[in-house]
Amino acid sequence: MDGSIDILAETPVLPPATDSHPSPSEQSIFPNDAPESNDSLQVEEDSNLPQYLKDVKYYLEFVTLLVGDCIFMVPKYHFMRYDQFNWMWDTDEETPHKLHDIEKADFRAFMKFLHPMYLPNQPPMTTDEWVSVLKIASKWMLLDIREAAKKALDTRPWLHKITLARTFGVVPWLRDGYFYYASREESLSVEDVQGLGVETAFKLITIRDGKLQRSREAFQKDVHPNSILSLRCKRDSYQSVIDSCSFAVDKELSGELEGVQAVHGDDAVERVLWARSRNDLGSLRLAYIDLVERKESISSEHALKLGLETTVNLCRARQRWLNIFPELAGKANQSPSDLWIEIDGGFKEELDLVTSLSALYAPQRTPPPVCHTNGEKKNKK
């Protein structure tokens, strides 16, 4: 030999086949040569067949699972790490365990996470697959896998994370997401309102309005009343603000104003509807300016009357106008702590609900063992 190892050198050799019926100790281990009896093959201790040990780590057992109309046969290993899967023992294709309320696409994605099949170049998990992993891990209380899915999805846009937070009880995603929409410079779009839900979106718009209205009030009170120069400055600045309001309305609602050809009243929303019905451009424009200038925020009820797109455009024009006051007053819009207080107050019911859901996934802490002193032990005896 040339020094190479003969891998067959230690392979046991079975006794040669004979024409006579083999004794039990001589029966072949291969299925095609097995006897017709349905009894399990019993290998006696003095059998000539080789005896093998099962590897403690890599002798994997499989379980057969029915998900919808599809049968999966997968290793038990990862399942058996969790107490909730102690029922996974003997199964076969004729008697698989049925998994209820699980979609096969979700389970397939979950298996892709548990058992990568294309090492070392495993295709990356898609966003939908990570959502499937989060869904199943949350349903089965697999907390370490749930955390892995949350970490993978943490880079998703805030709108997506808010939606997931409501379903799977992720409080930071919900709370931080609302803070993002309440504090960002860009106003909410129609898509944002539709994704967040009209009620939630207009709560955020009210919070955004509130911080800018405080800057407006600060601007109006900030000029010393006894200073002629200050009064003139205030008058000139306020006139520029009014002009800016008109500009904001023209900018954000030009599409609707172009198609319309003055009426006075207290309800600006009703005046908008009246002006629309008569194609009265002047009245429509004045009504929009009143809605932008007034102290009260635009609400979801207004959206039902005016239409979602018009209402969102009005909110954008309103923000464009109110953003002028912090610059004129020379003050910050609002401190982050104040904004957090408004978010926690405005969304208290929803945050409490998601917090309760989140508590279900908190790791269960085992209380530490009680240590007794020798004297305590004697007293107990």
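Predicted, not measured: the structure shown is a model, and the values here were computed from it.

Some words on the nonpolar core
Here comes step 1: Within the largest apolar cluster, 76 residues are counted, with the highest numbers of intra-cluster contacts made by F79, F107, F110 and W140.
Here comes step 2: At seven residues, helix α5 (residues 171-183) tops the list of elements feeding residues into this core.
Here comes step 3: Other than its neighbours up to four places away in sequence, F110 contacts F79, V133, I136, W140, L142 and I145.

Examining the sheet that holds strand β1 (residues 62-67)
Here comes step 1: Pairing in this open sheet of three strands is mixed, and the strands run β2-β1-β3 from one edge to the other. The open sheet is flanked by β2 (70-75) and β3 (97-99), the only strands paired with a single partner. Within the sheet, the average angular offset between the axes of one strand and its neighbour, ignoring direction, is 35°.
Here comes step 2: In terms of strand pairing, β1 meets β3 through three bridges, oriented parallel. For L65, the partnering residue across the bridge sits in β3 and is H97.

Focus: the side chain of S297
Here comes step 1: Here S297 shows up in the loop between α11 (281-293) and α12 (300-306).
Here comes step 2: Separated by 3.1 Å, the side chains of S297 and D209 make a polar contact.
Here comes step 3: Discounting chain neighbours no more than four positions away, the residues touching S297 are T206, D209, H302 and R318.

Here's the deal with the environment of L204
Here comes step 1: Position of L204 among the secondary structure elements: in helix α7 (residues 198-222).
Here comes step 2: Given the relative accessible area of 0%, L204 is considered buried.
Here comes step 3: Counting along the chain gives 26 residues from L204 to Y178, while the straight-line C-alpha distance between them is 7.3 Å.
Here comes step 4: Not counting residues within four places of it along the chain, the set of residues in contact with L204 comprises Y178, Y181, A182, L196 and F347.

Things to note about the confidence of the model for the protein
Here comes step 1: Put simply, the protein has an average pLDDT of 76, and 66% of its residues get 70 or more.
Here comes step 2: Below a pLDDT of 50 lies the segment residues 224-232, which in the model reaches four contacts outside its immediate sequence neighbourhood of four places, other chains included.
Here comes step 3: Note on residues 366-378: pLDDT under 50 across the span, and three contacts to partners over four residues away in sequence or across chains.

Quick look at helix α3 (residues 143-153)
Here comes step 1: All of the buried residues along α3 are I145, R146, A149, K150 and L153. Along the axis of α3, the buried residues cluster in a sector spanning 140°; they form a single face.
Here comes step 2: Against the buried residues of α3 lie α1 (104-114), α2 (127-139), α4 (158-168) and α5.

Some thoughts on the packing of α11 against helix α13 (residues 308-322)
Here comes step 1: One can describe the packing of α11 onto α13 by two numbers: an axis separation of 9 Å at closest approach and a directional angle of 60°. When the interaxial angle is binned, α11 and α13 end up oblique. Viewed along their axes, α11 and α13 form a crossing whose handedness is right-handed. Residue-level contacts link Y288, L291, V292 and E293 of α11 to T310, L314, A317, R318 and W321 of α13.
Here comes step 2: Each residue belonging to the contact of α11 with α13 can be placed in one class, and the counts come to six nonpolar, one polar and two charged.

Details of a nonpolar patch on the surface
Here comes step 1: Residues L60, F62, M73 and Y77 make up a contiguous nonpolar surface patch of roughly 420 Å² in combined accessible area.
Here comes step 2: Inspection of the secondary structure puts M73 in strand β2.

Quick notes on α2
Here comes step 1: Counted at 1.5 Å a residue, the expected span for α2 with its 13 residues is 18 Å, and the 18 Å between its end C-alpha atoms agrees.
Here comes step 2: Within the span of α2, buried status applies to E129, W130, V131, S132, V133, L134, I136, A137 and S138.

Comments concerning the pairing of β1
Here comes step 1: Note: β1 against β2, six bridges, orientation antiparallel. Its bridge partner being in β2, L66 is matched across the sheet by I71.
Here comes step 2: Where β1 folds back onto β2 in an antiparallel hairpin, the turn is made up of two residues, including G68, whose phi is positive at roughly 65°.

Brief notes about the pattern of salt bridges
Here comes step 1: Tallied over the full model, the rule gives 14 salt bridges.
Here comes step 2: With a shortest N-O distance of 3.8 Å, E61 and K76 are connected by a salt bridge. Taken together, the positions of E61 in the segment before β1 and K76 in the loop between β2 and β3 put the pair 15 residues apart, joining distant regions of the chain.
Here comes step 3: Judged by relative accessible area, K76 falls into the buried class, the value being 6%.
Here comes step 4: Among the salt bridges present, the one from R81 reaches D144, with a minimum N-O distance of 3.8 Å. Highlighted residues: R81 in the loop between β2 and β3 and D144 in helix α3, separated in sequence by 63 residues.
Here comes step 5: Here R81 falls in the partly exposed class, since its relative accessible area comes to 42%.
Here comes step 6: Given a relative accessible area of 39%, D144 falls into the partly exposed group.

Calculation notes
Residues numbered from 1 in each chain as written. Predicted model: local features only at pLDDT ≥ 70, side-chain atom pairs only at ≥ 80, totals over all residues. Heavy atoms only, no water. Core = buried A, V, L, I, M, F, W, Y, C linked by side-chain atoms within 4.5 Å. Buried < 20%, exposed > 50% of the residue type's maximum accessible area, 1.4 Å probe, protein only. Helix = DSSP H or I, 4+ residues; strand = E, 2+ residues; numbered from the N terminus. Contact = heavy atoms within 4.5 Å. Pairing = 2+ DSSP bridges. Axes fitted to C-alpha atoms, helices over the stretch in contact; angles between N-to-C directions. Polar contact = N/O pair within 3.5 Å; in protein donor to acceptor, adjacent residues only side chain to side chain. pLDDT = per-residue confidence, 0-100. Arc of directions from axis to C-beta. Parallel < 35°, antiparallel > 145°, perpendicular 65-115°, else oblique. Left-handed = near helix turned anticlockwise from the far one by under 90°. Nonpolar A, V, L, I, M, F, W, Y, C, P; charged D, E, K, R; others polar. Patch = residues over 30% accessible without salt bridge, like charges linked within 9 Å, V, L, I, M, F, W, Y side chains within 5 Å. Areas by Shrake-Rupley, 256 points an atom, 1.4 Å probe, with all protein chains shown as cover. Salt bridge = Lys/Arg side-chain N within 4 Å of Asp/Glu carboxyl O. Expected span 1.5 Å × (residues − 1).

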